[in-house]
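Okay, here's what each chain looks like letter by letter:
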Amino acid sequence: MIANSLLENDKAHWIHPVASWRDHEARGATILRSGKGTYLTDIDGHELLDGFAGLWCVNVGYGQDSIVAAATEQMSRLPYATGYFHFGSEPAIELATKLAQRAPGDLDHVFFSLGGSDAVDSVVRFIRYYYNITGRPQKKHMIALERGYHGSSSTGSGLTGLPAFHAGFDVPTPVQHHISCPYPYRFEGDDAALIASSVAELKAKVEELGAENVAAFFCEPVVGSGGVIVPPKGWLSAMQAACRELDILFCIDEVITGFGRTGPLFACEHEGLTPDFMTTAKGLTSGYAPMGALFMSDRIYRTIADATPPGVSIGHGMTYSGHPVSAAIGLEVLRLYEEGGLLANGVASGAHLAKGLEALRDHPLVGDVRSQGLLAGVELVTDKAAKTRPTAEMKLPQHLADIGYRNGVVFRAFGDGIVGFAPPLCITTDEVDLMLERFRKSLDELLTIKEIRDAVG
């Protein structure tokens, strides 16, 4: 009775994110009740191995008692402190310091947001302010990647390169542009050619818009919601170099890839990147409380500080920026990554995952597998030679998600036949094997559906 009541109340009152409202009214919610380690349990007692860490975020796993204790202690002592009017709190100051010490390059300054979308929005606002106050107000155009994701807010959704976030929302705006995603599986040529193509396309877009009008380029180290697409090694370095040459800011979105998801604390470390701005969220608090952060280079910070007249406030802020409870959680999560061995475990389990994924290539539905650390994508096709995507009429993602759930595994079934994995960093190699075993079983069951079996032949 309780479950039925919850389902009806959910349909009647909760507007769920990125959902078909009528479909949700018909389907209802999947109600989760508890979690421990890499496992979730729903309201009916069905246990699931969470191969997606919530929404790419529960990096430390569920039920970490030390995080609960840190939050409880802070909530009892000081549940809220504003960052306005020069106020601050101990955990927010300490977290900003530790993050800056670990960030790449001269990203020495941290602004706290509530999550990834408003971290991106904050970067856009600071970029506009930076160019306006330094006498270059015409530099307003920003470039991002097709298939990239930079949030679903009024501003970030235009930088996002996914049509579902554009339709009906009047984005992208006239100053938001996109270039091709570096997509090795669907590019005709080797890695060097792909890198050269991306650099050439960025330069051509800047030339088209006028270098004097372009402010910044945004990208993820691994394209996440667009299909877990891993660019070839050297791509990020080449794009950074192109931005420097073109005199536009290089902005890295590590909302998904940050905090051990790809191996090191930040994915920037793979190629020694030194961005002008970097956004983070998700793994910052491991999803235990809302929080995001943008990192600003010392050069940008000092230019803004020096160019702003004394006594004039820089008008950007949020009520919950640097929330002390979220900050206390962030500090404990960071300790677990480093002192608790979760970063090291993520590297070991990520290597094991990569090997396990390779074994999936023989499946009739698998066209490509790719991964970096504990971030992986499996691209499903109906014709391997032609790399044919499943048609929408097959409803393959919906079928696969439902079958996987019944088989006790959670993953992300994207709309174009790509499957995403991002399990908690605490996952063991045995659990990786179990996750892939359940996934393969789910793929096999897909082939029992006539429309899909007939398409594969």
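Residues numbered from 1 in each chain as written. Predicted model: local features only at pLDDT ≥ 70, side-chain atom pairs only at ≥ 80, totals over all residues. Heavy atoms only, no water.

(A) Seen up close, the nonpolar core. Counting residues in each nonpolar core, the largest one holds 98 residues, and the members touching the most others are Leu 202, Phe 217, Tyr 337, Val 378, Leu 380, Phe 439 and Leu 446. Ranked by residue count, the leading element in this core is helix α11 (residues 324-338), at eight residues. Apart from the residues within four sequence positions on either side, Leu 380 is in contact with Leu 365, Val 366, Gly 367, Pro 390, Leu 396, Leu 400, Gly 417, Val 419, Leu 443 and Leu 446. Listed in part, the 22 residues of the second largest apolar core include Leu 249, Phe 277, Met 296 and Met 318. (Core = buried A, V, L, I, M, F, W, Y, C linked by side-chain atoms within 4.5 Å. Buried < 20%, exposed > 50% of the residue type's maximum accessible area, 1.4 Å probe, protein only. Helix = DSSP H or I, 4+ residues; strand = E, 2+ residues; numbered from the N terminus. Contact = heavy atoms within 4.5 Å.)

(B) Representation of a nonpolar patch on the surface in the model. A cluster of nonpolar side chains, Tyr 80, Leu 114 and Tyr 320, forms an exposed patch at the surface whose accessible area comes to about 280 Å². Topologically, Tyr 320 is positioned in the loop between α10 (298-307) and α11. For Tyr 320, a relative accessible area of 45% gives the class partly exposed. (Patch = residues over 30% accessible without salt bridge, like charges linked within 9 Å, V, L, I, M, F, W, Y side chains within 5 Å. Areas by Shrake-Rupley, 256 points an atom, 1.4 Å probe, with all protein chains shown as cover. Salt bridge = Lys/Arg side-chain N within 4 Å of Asp/Glu carboxyl O.)

(C) Representation of the packing of helix α5 (residues 90-102) against α11 in the model. Closest axis-to-axis distance for the α5/α11 pair is 8 Å, and the angle between their directions is 40°. The pairing of α5 with α11 is recorded here as oblique in orientation. Here the hand of the crossing between α5 and α11 comes out left-handed. Each of Pro 91, Ala 92, Glu 94, Leu 95, Lys 98 and Arg 102 in α5 lies in contact with α11, whose residues at this interface are Pro 324, Ala 327, Ala 328, Gly 330, Leu 331, Leu 334 and Glu 338. A breakdown of the residues in the contact of α5 with α11 according to their chemical character gives eight nonpolar, one polar and four charged. (Axes fitted to C-alpha atoms, helices over the stretch in contact; angles between N-to-C directions. Parallel < 35°, antiparallel > 145°, perpendicular 65-115°, else oblique. Left-handed = near helix turned anticlockwise from the far one by under 90°. Nonpolar A, V, L, I, M, F, W, Y, C, P; charged D, E, K, R; others polar.)

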